[in-house]
Amino acid sequence: MEPAAAPRSPGAGDLVCARGRNRKAVLCQRCGSRVLLPGAATFARRELFLPSMKKKTALLASNSPDGDMLQDHWLVDDMFSFENIGFTKDVGNVKFLICADCEIGPIGWHCLDDKKSFYIALDRVSHE
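Here's a quick rundown of the structure. Since this is a predicted model, take the numbers as computed values, not measurements.

The rules behind each value
- Residues numbered from 1 in each chain as written.
- Predicted model: local features only at pLDDT ≥ 70, side-chain atom pairs only at ≥ 80, totals over all residues.
- Heavy atoms only, no water.
- Helix = DSSP H or I, 4+ residues; strand = E, 2+ residues; numbered from the N terminus.
- Buried < 20%, exposed > 50% of the residue type's maximum accessible area, 1.4 Å probe, protein only.
- Contact = heavy atoms within 4.5 Å.
- Areas by Shrake-Rupley, 256 points an atom, 1.4 Å probe, with all protein chains shown as cover.
- Pairing = 2+ DSSP bridges.
- Axes fitted to C-alpha atoms, helices over the stretch in contact; angles between N-to-C directions.
- Salt bridge = Lys/Arg side-chain N within 4 Å of Asp/Glu carboxyl O.
- Polar contact = N/O pair within 3.5 Å; in protein donor to acceptor, adjacent residues only side chain to side chain.

### Quick notes on the overall build of the chain
- On a plain count of helices and strands, the chain comes out with 1 helix and 11 strands.
- When the helices and strands of the chain are placed in sequence order, the string is β-β-β-β-α-β-β-β-β-β-β-β.
- Counting every position in the chain, which comprises 128 residues, the buried fraction comes to 45%.
- Once local pairs closer than 6 in sequence are excluded, the contacts in the chain between residues at least 24 apart make up 57%.
- Per element, the accessible surface of the chain, about 6,600 Å² overall, is 49% carbon and sulfur.

So this is what it looks like as structure tokens:
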């Protein structure tokens, strides 16, 4: 993982404060449910594959899902920092993070080998 730097997403530079944390609340793009409060996550750059956004049941039924390599993420080190998050069943040694209210996702990624790293893709959420 690279050190925190300004996100490459257009207009995303105002999302990160001087300490490298999220300046705005992180919301589900679909239902607007609050996922993280301001200041709860650190900006991180790590290339991760996330399957295309789908309902949880469709995500689990997919054998070889299409998706995106995403690079800009919010990194959370404690699962209890989330206001609202759900997890899929294990997919290998990974659990995908989804909105707990509308079950759309994945919006993020968590490797079971690392209990303190939860990634939320900036491109899969909105900010307020």
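### Quick word on the sheet that holds strand β2 (residues 34-36)
- In space, the 3 strands of this open sheet follow the order β2-β1-β11, with antiparallel pairing throughout. The strands lining the two open edges of the sheet, one partner per strand, are β2 and β11 (125-127). Averaged over neighbouring strand pairs, the angle between their axes works out to 45° when direction is ignored.
- One ladder, built from 3 bridges, connects strand β1 (residues 26-28) with β11; its direction is antiparallel. When the bridges of β11 are listed, Leu27 appears paired with Ser126.

### Some remarks on unusual backbone geometry
- For the peptide bond that leads from Gly105 to Pro106, omega is 5°, which places it in the cis range.
- If you trace the backbone, Pro106 turns up in the loop between β8 (104-105) and β9 (108-111).
- Although it is not a glycine, Glu103 adopts a positive phi angle of roughly 60°.
- Residue position: Glu103 is located in the loop between β7 (94-98) and β8.
- Taking relative accessible area as the criterion, Glu103 reaches 29% and is therefore assigned partly exposed.

### Here we look at the environment of Leu75
- Within the secondary structure, Leu75 sits in strand β5 (residues 67-76).
- Remark: the alpha-carbon pair of Leu75 and Ala121, spanning 46 residues in sequence, is separated by 9.0 Å.

### A few points about the environment of Lys116
- Along the chain, Lys116 turns up in the loop between β9 and β10 (118-121).
- The spacing of Lys116 and Leu75 is 41 residues in sequence and 9.3 Å in space, taken between C-alpha atoms.
- When sequence neighbours within four positions are dropped, the list of residues in contact with Lys116 reads Val76 and Asp77.

### A word on the pattern of salt bridges
- Counted by the stated rule, this structure contains 5 salt bridges.
- As a salt-bridge pair, Glu128 and Arg34 come within 3.3 Å of each other at their nearest N and O atoms. On the criterion of sequence distance, the pair formed by Glu128 in the segment after β11 and Arg34 in strand β2 is long-range, its members being 94 residues apart.
- Between Arg124 and Asp68 there is a salt bridge, with the nearest N and O atoms lying 3.1 Å from each other. Here Arg124 is found in the loop between β10 and β11, whereas its partner Asp68 is found in strand β5, with 56 residues between them in sequence.
- Relative accessible area serves as the criterion here: at 5%, Arg124 is assigned to the buried category.

### Concerning the side chain of Arg45
- Examined against the element boundaries, Arg45 turns out to sit in strand β3 (residues 42-51).
- For Arg45, a relative accessible area of 6% gives the class buried.
- Engagement of the side chain of Arg45 in a polar contact is seen with the side chain of Asp72, the distance being 3.1 Å.

Any link to function would need more than the numbers given here.
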